[in-house]
Amino acid sequence: MGNPVLTAIAERRSIRAYKSDKVTREQFDTLLKAAEEAPSARNSQPWHFSVVQNPAILAEVNAEACKNLNREGDIFHGAPAAIFLSCDASSRWGRLDCGITTQTIALAAHSIGLGTVILGLPDAAFTGSRGDYFNQLLKFPSGHSFAVAIAVGVPAGTKEAHPIEPDRITFVE
Ligand SMILES: Cc1cc2nc3c(=O)[nH]c(=O)nc-3n(C[C@H](O)[C@H](O)[C@H](O)COP(=O)(O)O)c2cc1C
């Protein structure tokens, strides 16, 4: 029998095409329970998860990010939902903690048949001139700032595994 953890790690991909099916409340509960089980420095849990299924809100974030990035298209890749992670800005290891829990969500999603893509591009909506408005729209707690988002949905396609770069590992003896 294979190792389910290693299999999920090996099979996860960034999914950039989604079916229109909604992510159910039960599925979100599974993802968010896994997210909250992630480790964090001094167990500070400096994250907050803003779950968005409202297409109008995703469209508004997309429009602002695209405007600020001077680009077009859908940074959410047509996903029916996204989880926005905001981070306690005073946390020494907050960004790393948020990254760890984001990958935990991605692996948990894969394990229940959902696809994800981690998204840094929405940052442009929160760091632009209307950043305060978007912080409030996404209900980030006071003192938090955008860390990363993760689009979630039923995959409508897949992709190849990313190539593994050589020479990234050194055994120091
Ligand atoms: C911090 C971070 C930010 C990312 N931002 C984006 C993004 O804004 N848009 C996107 O399509 N993919 C984004 N990605 C996905 C990467 O492009 C992807 O992980 C990488 O190409 C490897 O592919 P894989 O995830 O399928 O293995 C991001 C990934 C990480 C870890």
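Cut-off values and rules
Residues numbered from 1 in each chain as written. Predicted model: local features only at pLDDT ≥ 70, side-chain atom pairs only at ≥ 80, totals over all residues. Heavy atoms only, no water. Helix = DSSP H or I, 4+ residues; strand = E, 2+ residues; numbered from the N terminus. Expected span 1.5 Å × (residues − 1). Contact = heavy atoms within 4.5 Å. Phe/Tyr/Trp six-rings, centres within 6.5 Å; stacked < 30°, edge-to-face > 60°. Buried < 20%, exposed > 50% of the residue type's maximum accessible area, 1.4 Å probe, protein only. Lys NZ or Arg CZ within 6 Å of the ring centre and 35° of its normal. Near = heavy atom within 4 Å. Polar contact = N/O pair within 3.5 Å; in protein donor to acceptor, adjacent residues only side chain to side chain. Areas by Shrake-Rupley, 256 points an atom, 1.4 Å probe, with all protein chains shown as cover.

## Looking at helix α4 (residues 94-111)
Counted at 1.5 Å a residue, the expected span for α4 with its 18 residues is 26 Å, and the 26 Å between its end C-alpha atoms agrees. On its buried side, α4 packs onto α1 (4-11), α2 (25-36), β1 (47-52), β2 (81-88), β3 (115-119) and β4 (144-153). Note on α4: the residue one or two positions beyond its end, G113, has a positive phi of about 85 degrees.

## Section: the packing of aromatic side chains
Scanning the model with the defined rule gives 7 aromatic pairs in all. Where F84 meets F126, the ring centres are 6.1 Å apart and the plane angle is 65 degrees; that geometry is what we call edge-to-face. Here F126 lies in helix α5 (residues 123-126) and F84 lies in strand β2, a separation of 42 residues in the sequence. Residues F84 and F126 agree in their burial class; the two are buried. Put simply, the rings of F76, F84, F126, Y133, F134, F140 and F146 touch in pairs and so form one group of aromatic residues. Geometry around W93 places R92 over its ring, the cationic atom sitting 4.0 Å from the centre.

## Section: the site of the ligand
Around the ligand, the structure places R12, R13, S14, R16, H77, V117, I118, L119, G120, L121, K159 and H162. Here an oxygen atom of the ligand sits 2.9 Å away from a polar atom, N or O, in the side chain of H77. At 3.0 Å from a nitrogen atom of the ligand is found a main-chain nitrogen or oxygen belonging to I118. Relative to its unbound accessible surface of 620 Å², the ligand loses 62% to contact with the protein.

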